Amino acid sequence: MALPLHVLHRENVSNFAPTLGILAAWKLGTVFRDMGVHLSGLQMPLTFATTSGRPWLVDIFAVPMWARLAAVVPAIMSTILLFMDQVGESLQSEDHARDRS
């Protein structure tokens, strides 16, 4: 059974609802600004940087040795967890389905 046309339109509009909402609010703001209404906006910084002035990346050699060694165990456990998750997901695919005969 084919879906009515209004259902298809509603689904397509709902897929783009956040973008359409942002565009509608922007247009409404420009209309009000053109009419002379002052709307306050977000204050944008002049430069793209962190608020504290620290660098974006941490120098790994500036980290104490005990912290680097302590990070090894969680890194290995995360690697094993992600590997086992991928193996489990691939085994659940229909290529590996069991025959129930």
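Below, the structure is looked at part by part. (Residues numbered from 1 in each chain as written. Predicted model: local features only at pLDDT ≥ 70, side-chain atom pairs only at ≥ 80, totals over all residues. Heavy atoms only, no water.)

**Structural notes on the overall build of the chain**
Keep this limit in mind: Helix and strand labels come from DSSP, where a helix needs a run of H or I of at least four residues and a strand needs a run of E of at least two; each type is numbered from the N terminus. Each residue gets one of three labels from its accessible area relative to the maximum for its type: buried under 20%, exposed over 50%, partly exposed in between, using a 1.4 Å probe on protein chains only. Throughout, the Shrake-Rupley method with a 1.4 Å probe supplies accessible areas, and for residues the shown protein chains are the sole cover considered.
Helix and strand counts for the chain stand at four helices and zero strands. Its helices and strands in sequence order give the chain the pattern α-α-α-α, from N to C terminus. Across the 101 residues in the chain, those meeting the buried criterion constitute 3%. With an accessible surface of roughly 10200 Å², the chain has 68% of that area assigned to carbon and sulfur atoms.

**Examining a nonpolar patch on the surface**
Test applied: Only residues above 30% relative accessible area that lack a salt bridge enter a patch, with like-charged residues linked at up to 9 Å and the nonpolar side chains Val, Leu, Ile, Met, Phe, Trp and Tyr linked at up to 5 Å. Salt-bridge detection follows one rule: a side-chain nitrogen of Lys or Arg within 4 Å of a carboxyl oxygen of Asp or Glu.
A cluster of nonpolar side chains, Leu28, Val31, Phe32, Met35, Val37 and Leu39, forms an exposed patch at the surface whose accessible area comes to about 520 Å². Topologically, Leu28 is positioned in helix H2 (residues 17-34).

**Let's talk about the packing of aromatic side chains**
Operational definition: Classification of ring pairs rests on two measures: the distance between centres of Phe, Tyr or Trp rings, Trp counted by its six-membered ring, which must be within 6.5 Å, and the angle between planes, read as stacked under 30 degrees, edge-to-face over 60 and tilted in between.
All chains considered together, the criterion is met by one aromatic pair. Plain terms: the ring middles of Phe48 and Trp56 are 5.4 Å apart, the flat faces sit at 20° to each other, and that makes the pair stacked. The burial state of Phe48 is the same as that of Trp56; both residues are exposed.

**A few points about the side chain of Thr50**
To be explicit about the condition: Contacts described as polar in this section are N or O atom pairs within 3.5 Å, which, within protein, must combine one atom able to donate a hydrogen with one able to accept it, while residues neighboring in sequence count only if both atoms come from side chains.
Following the sequence through the fold, Thr50 ends up in the loop between H2 and helix H3 (65-70). According to the relative accessible area criterion, Thr50 is buried, its value standing at 16%. In terms of polar contacts, Thr50 uses its side chain to reach the backbone carbonyl oxygen of Arg54, at 2.8 Å.

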